[in-house]
Amino acid sequence: SDIPVMKLNDGYEIPQLGFGVFLVEEDEAQRVVMDALETGYRHIDTAKIYGNEEGVGRAIAESGIARKDLYITTKLWNDDQPKARQALEQSLERLGLDYVDLYLIHWPCARQDAYLDAWHEMEKCREEGLIRSIGVCNFLPKHLERLLGESETVPVVNQIELHPTYQQSSVTQYSRSHDIAIEAWGPLGQGKYDLFGEKPIKEAAEAHGKTPAQVVLRWHLQMKNIIFPKSVHVERMRENMEIFDFTLTSDEMSAITALERGNRVSSHPDEVE
Ligand code: NAD
């Protein structure tokens, strides 16, 4: 396929474009993921809290695609931080897999003070082959600093809210300086504001004969972000994959990057317990 891979700091490769399943209902997940796999996606991003791991697992089994050709991510929910191994084993069972490619701490929940213990348990599970790579979500530099100071393993990724009006540059710079790749969640702003009406995005879309969504996703790729936009519609799944046949100019990139205005559309890591 056309989808490029990125090499992570532990040597494993991840497809830079995947498919996310936040807010896909369990009873729809099998159909939606099956459609995504048929469209050509091979990287699926789910989480225990999404409540759809079984549907994702049924689609994986039904697809008949070789396990080595898939890249599956799931996440450790906040309440489960003190029992990471058990939570992982239950996720694997729901997914019908004997390992995941990537397991992520979903939120730091610093007041709970359990993410370091969870991380050490995840390191053990990785040694045993239940996980290929381990990483985090929604970690601010202060959380990463503590993790890096007290463990042997550098997270392969930090998965954070990131779209043109909210780019968290202090988090991305700190992460990248430690060779932690950035996964951008909500790459399209979760549809919560009129991102597609922003002038530089509309103009680039016209110039390249692409849709505004394709321009935004292309901007992420050129920013070296890993993305997994979500859609339950096959036409949009296709649209979101047709982003490898054009390149934004450096002026177009700069104009989109200049849309930054601290426009967070979801929770702040210090607010999530
Ligand atoms: P997103 O930015 O991918 O937006 C999804 C919405 O955008 C869809 O519901 C649809 O309305 C719209 N959309 C998709 N394709 C479109 C197109 N081509 N044209 C027009 N509209 C389109 O938001 P998301 O789903 O929240 O983020 C992607 C993934 O990131 C999630 O599915 C999930 O896997 C992950 N995520 C992780 C966290 C975390 O805390 N780690 C939080 C939220 C999401």
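The coordinates are above.
Residues numbered from 1 in each chain as written. Predicted model: local features only at pLDDT ≥ 70, side-chain atom pairs only at ≥ 80, totals over all residues. Heavy atoms only, no water.

### What to know about the overall build of the protein
Link 1 in the chain: Scanning the protein from terminus to terminus reveals ten helices and ten strands.
Link 2 in the chain: At 18 Å, the protein has a C-alpha radius of gyration in line with the 19 Å of a compact globule built from 273 residues.
Link 3 in the chain: Taking the principal axes of the C-alpha coordinates as reference, the protein spans close to 50 × 40 × 30 Å.
Link 4 in the chain: Here the protein holds 273 residues, and 56% of them are scored as buried.
Link 5 in the chain: Within the protein, contacts between residues at least 6 apart in sequence are counted, and of these 75% link residues at least 24 apart.
Link 6 in the chain: Just so you have it, the protein exposes about 11800 Å², and 46% of that area is on carbon and sulfur atoms. (Helix = DSSP H or I, 4+ residues; strand = E, 2+ residues; numbered from the N terminus. Rg over C-alpha atoms; globule rule 2.2 N^0.38 Å. Buried < 20%, exposed > 50% of the residue type's maximum accessible area, 1.4 Å probe, protein only. Contact = heavy atoms within 4.5 Å. Areas by Shrake-Rupley, 256 points an atom, 1.4 Å probe, with all protein chains shown as cover.)

### What about the layout of surface pockets?
Link 1 in the chain: By volume, the largest pocket amounts to about 890 Å³.
Link 2 in the chain: When grouped by side-chain class, the residues that make up the lining of the largest pocket number 18 nonpolar, 13 polar and six charged.
Link 3 in the chain: Its boundaries defined by the atoms lining it, the second largest pocket holds a volume of some 320 Å³.
Link 4 in the chain: In terms of lining residues, the second largest pocket is bounded by 18 residues, among which E13, P15, K68, D69 and Y71 are the most central.
Link 5 in the chain: For the lining of the second largest pocket, the secondary structure elements donating two or more residues are β2 (13-15) and β7 (131-137).
Link 6 in the chain: Per-element tally for the lining of the second largest pocket: the top contributor is β2, with three residues.
Link 7 in the chain: Classifying every residue of the lining of the second largest pocket gives eight nonpolar, four polar and six charged. (1 Å grid on protein atoms, 1.4 Å probe; cavity = no way out; pocket = protein on both sides within 12 Å on 5 of 7 lines; lining within 4 Å. Points joined across faces, edges and corners; volume = space filled by probe spheres on them. Nonpolar A, V, L, I, M, F, W, Y, C, P; charged D, E, K, R; others polar.)

### Considerations on the packing of helix α7 (residues 199-208) against helix α10 (residues 250-257)
Link 1 in the chain: In contact at an axis separation of 9 Å, α7 and α10 are set at 155° when each is read in the N-to-C sense. Overall, the two elements α7 and α10 adopt an arrangement that is roughly antiparallel. Of the two possible hands of crossing, α7 and α10 adopt the one that is left-handed. Here α7 contributes P200, I201, A204, A207 and H208 to the contact with α10, which in turn contributes E252, A255 and I256. (Axes fitted to C-alpha atoms, helices over the stretch in contact; angles between N-to-C directions. Parallel < 35°, antiparallel > 145°, perpendicular 65-115°, else oblique. Left-handed = near helix turned anticlockwise from the far one by under 90°.)

### Thoughts on the state of the cysteines
Link 1 in the chain: Taken as a whole, this structure holds zero disulfides when the rule is applied.
Link 2 in the chain: C109 carries a free sulfur, and the closest cysteine sulfur to it, the one in C137, is 11 Å from it.
Link 3 in the chain: Overall, the relative accessible area of 1% leaves C137 in the buried class. (Disulfide = S-S within 2.5 Å.)

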